[in-house]
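# Close look at the chain arrangement
Take a look at the letters that make up each chain.
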Amino acid sequence: MVSKAELMEERLIRKLMTSMKCESCGQNYEVYNIDVLGHREDLWFLRVHCSACHTQCLVAAVVKEGRMPEAVTDLTETELDEFGDGVIEIDDVLNMHHFLKGFDGDFSRLFGQE
Ligand SMILES: [Zn+2]
């Protein structure tokens, strides 16, 4: 079962990911280029696909409580209120992005630990 909070987090993550650029060609990702694979607690895993050069990569994003979502500029105030004060740390996204370059994509094992 997916909670409303999870749906809002997923939406926020998609919004934030559109501010990231493809490492290969510099094209900004579009919302429809982003697949949310799943999450473990505050750590969300995504697969992004560049519509310009067709490079795919895996990205992890961390949602943390207690900070204003600085990187998100195009959510309405109502959406922010519904979401609360969670935020994706863009530095963590980038760090995990590099970490995941060596990741084999075995998310079933990763998510199967519960
Ligand atoms: Zn690209």
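What comes next concerns the included structure. In this text the structure is predicted, and so the values were computed from the model without any measurement. (Residues numbered from 1 in each chain as written. Predicted model: local features only at pLDDT ≥ 70, side-chain atom pairs only at ≥ 80, totals over all residues. Heavy atoms only, no water.)

### Focus on the coordination of the zinc ion
- Taken together, the protein ligands of the zinc ion are Cys22 (SG), Cys25 (SG), Cys50 (SG) and Cys53 (SG), with distances of 2.2 to 2.3 Å.
- Geometry at the zinc ion is tetrahedral, judged from the 4 donor atoms that bind it and their angles of 104 to 114 degrees at the metal.
- Donor residues binding the zinc ion come from one chain and are separated in sequence as C-x2-C-x24-C-x2-C. With Cys25 in the loop between α1 (4–17) and β1 (34–40) and Cys50 in the loop between β2 (43–49) and β3 (56–64), the pair connects residues that are 25 residues apart, well separated along the chain. (Donors = N, O, S within 2.8 Å, 3.2 Å for Na, K, Ca; no water. Tetrahedral: all angles 85-135°; square planar, octahedral: opposite > 155°, others 65-115°. Helix = DSSP H or I, 4+ residues; strand = E, 2+ residues; numbered from the N terminus.)

### Let's talk about unusual backbone geometry
- A positive phi angle, close to 65 degrees, is found at His54, a residue other than glycine.
- Mapping His54 onto the fold places it in the loop between β2 and β3.
- His54 sits in the exposed class, given a relative accessible area of 54%. (Buried < 20%, exposed > 50% of the residue type's maximum accessible area, 1.4 Å probe, protein only.)

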